[in-house]
Amino acid sequence: MIYFIIVLFIIIGIVKYDKRGNASKVNLYYIFICVFMILVFGLRYRVGGDTFNYMLRYSAIPPIDKVESEDLWNFQMEPGFFLLNSIAKYFTDTFYLVQIIQSAFVNVVIFYYIKVKTNQIFFAVLLYFLFASFYFNTEIMRESIALCFFVLGTLQLEKRSLSKYYIFCFCAICFHYSSLFLLFFPLLQKIVNKNFIGPLIGIVFVCIAFNYVSLDSFSFLDGYMRLKVENSMDYSFTIWGRLSALLKFVLLPCYILYLYTRYYKNSDTNVCYLKVIILYGCLTLSQFSMMMRVMNYFTIILLIIVVTVYPLFKSYRLNLFKLKSLNRPALLFYLFFFYMLPYFKDTSDLVHDTHFYTRWYPYYSIFDEQKYPPRETLVIQIFDQLRNR
């Protein structure tokens with residue numbers, strides 16, 4: 001029920017402020033929704049699959065006053081997130097403080113980025129809540145902090161402040177090693193601005209080469225980094241998985257890129273972002289499935305771009321459908337089908353009468369601390385399945 005209340009509040013914001021252009025108290029209402037989401041996700045109790053794993057690790061982490069230097073590398077956790085947990089452990093033995101800090105940082109940064117990048121702020125928040133918020137706040141808690149540093153860094157890149165971008169980049173790496181690719185992002189931006197076809201052809205060859213990559217190629221890695229690469233390469237796509245990645249990360253950005261180059265200035269920053277997204281999207285089609293992690297970093301940027309081009313879907317010029325009234329519903333259906341439909345995947349083969357969304361529904365807070373047995377069992381089964389894969 002709490003999730004529907006959030007959606008209702010956001011829809012009120014869309015109708016009252018986005019559509020009518022009413023500027024009165026818009027910032028106050030925007031802040032209210034942000035705080036409400038922070039409290040919902042920050043005060044949750046055993047909601048989210050990976051949250052269970054983080055809670056288990058938290059119980060073994062020492063408080064900051066008892067941390068030894070080797071502890072930073074012994075807990076299979078990036079140093080930034082380890083220190084966050086260790087500082088929180090100094091104040092409380094419960095995981096709630098980490099949840100609140102993580103949720104506050106992630107949502108404040110994303111709401112700030114939305115406010116800076118678009119006038120349709122509540123529509124953007126709706127897309128974020130439906131397509132990314134559960135994942136960012138309850139599953140990939142470390143990586144979502146890293147991707148927030150990344151979006152802050154992109155704002156500095158747009159101001160041509162490379163040094164400040166790399167400061168945010170360093171912070172991102174401290175929270176998730178997958179953000180190492182951010183080191184090359186400015187260079188890749190320059191390359192695709194000058195020549196997009198060349199890198200695209202190069203990516204095709206890289207995709208082919210990755211099909212022959214073995215774990216022995218990463219023998220120079222050791223410890224936690226090697227474990228992360230091994231777990232990633234152990235994952236393989238189904239045919240549906242590859243098709244879904246193609247439609248989400250390649251064809252949709254390609255179509256939006258077409259709209260941008262046709263109806264907006266080609267020098268727009270979003271054009272460069274779309275080209276980079278397409279290149280990384282092509283990499284997700286290879287066996288090197290670690291690139292799926294990389295696409296998380298572009299989720300918020302892509303949602304903002306969708307919000308920007310959304311008005312074009314009302315135009316007759318688009319010619320997507322002969323009836324312009326179908327253009328916008330078609331886009332929303334596309335987003336729902338490939339981004340939300342997986343939430344409804346039946347998981348009854350693991351636990352009777354459950355779905356993927358059982359990770360997040362029903363919702364319980366720290367004030368009642370109720371365990372939902374189907375969720376408890378489902379998460380255990382999923383972790384066992386991953387360990388035995």
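Everything here concerns the structure above.
What comes next is a walk through the structure. (Residues numbered from 1 in each chain as written. Predicted model: local features only at pLDDT ≥ 70, side-chain atom pairs only at ≥ 80, totals over all residues. Heavy atoms only, no water.)

### Examining the overall build of the protein
A tally of helices and strands in the protein yields 18 helices and zero strands. For the protein, the residues scored as buried account for 51% of the 389 residues in total. Taking the intrachain contacts of the protein between residues at least 6 apart in sequence as the baseline, contacts between residues at least 24 apart amount to 71%. Carbon and sulfur atoms make up 64% of the accessible area of the protein, which amounts to about 19300 Å² in all. (Helix = DSSP H or I, 4+ residues; strand = E, 2+ residues; numbered from the N terminus. Buried < 20%, exposed > 50% of the residue type's maximum accessible area, 1.4 Å probe, protein only. Contact = heavy atoms within 4.5 Å. Areas by Shrake-Rupley, 256 points an atom, 1.4 Å probe, with all protein chains shown as cover.)

### Description of the packing of aromatic side chains
For the structure on display, the rule yields 40 aromatic pairs. Measuring from ring centre to ring centre gives 5.7 Å for phenylalanine 41 and phenylalanine 134, while their planes differ by 85 degrees; the resulting arrangement is edge-to-face. Of this pair, phenylalanine 41 sits in helix H2 (residues 26-42) while phenylalanine 134 sits in helix H7 (residues 121-138), and the two are 93 residues apart along the sequence. By relative accessible area, phenylalanine 41 is classed as buried at 1%. Judged by relative accessible area, which is 9%, phenylalanine 134 ranks as buried. Ring pairs connect the aromatic residues Phe9, Tyr17, Tyr29, Tyr30, Phe32, Phe36, Phe111, Phe122, Tyr128 and Phe136, which therefore count as one cluster. Seen from the ring of tyrosine 58, lysine 89 lies directly overhead, with NZ or CZ sitting 5.2 Å from the centre. (Phe/Tyr/Trp six-rings, centres within 6.5 Å; stacked < 30°, edge-to-face > 60°. Lys NZ or Arg CZ within 6 Å of the ring centre and 35° of its normal.)

### A few points about the pattern of salt bridges
Applying the stated criterion to the full structure yields four salt bridges. Across the salt bridge formed by arginine 142 and glutamate 78, the nearest N and O atoms sit 2.6 Å from each other. Here glutamate 78 lies in the loop between helix H4 (71-74) and helix H5 (79-91) and arginine 142 lies in helix H8 (residues 141-158), a separation of 64 residues in the sequence. Just as arginine 142 is buried, glutamate 78 falls in that class too. The partner of lysine 117 in a salt bridge is glutamate 158, with the nearest N and O atoms 2.9 Å apart. Taken as a pair, lysine 117 in helix H6 (residues 96-117) and glutamate 158 in helix H8 lie far apart in primary sequence, 41 residues in all. In this structure lysine 117 comes out as partly exposed when scored by relative accessible area, which is 23%. Judged by its relative accessible area of 31%, glutamate 158 falls in the partly exposed class. (Salt bridge = Lys/Arg side-chain N within 4 Å of Asp/Glu carboxyl O.)

### Points about the nonpolar core
One finds Tyr128 and Phe298 to be the most contacted residues of the largest nonpolar core, which totals 111 residues. The element best represented in this core is H7, accounting for 13 residues. Ignoring anything within four residues of it in the chain, the contact list for phenylalanine 298 reads Phe150, Phe181, Phe185, Val276, Ile277 and Tyr280. (Core = buried A, V, L, I, M, F, W, Y, C linked by side-chain atoms within 4.5 Å.)

### A look at the state of the cysteines
Evaluation of the coordinates by the stated rule reveals zero disulfides. Among the cysteines around cysteine 171, which has no disulfide bond, cysteine 174 carries the closest sulfur, lying 6.4 Å off. When its relative accessible area of 24% is taken as the criterion, cysteine 171 is described as partly exposed. (Disulfide = S-S within 2.5 Å.)

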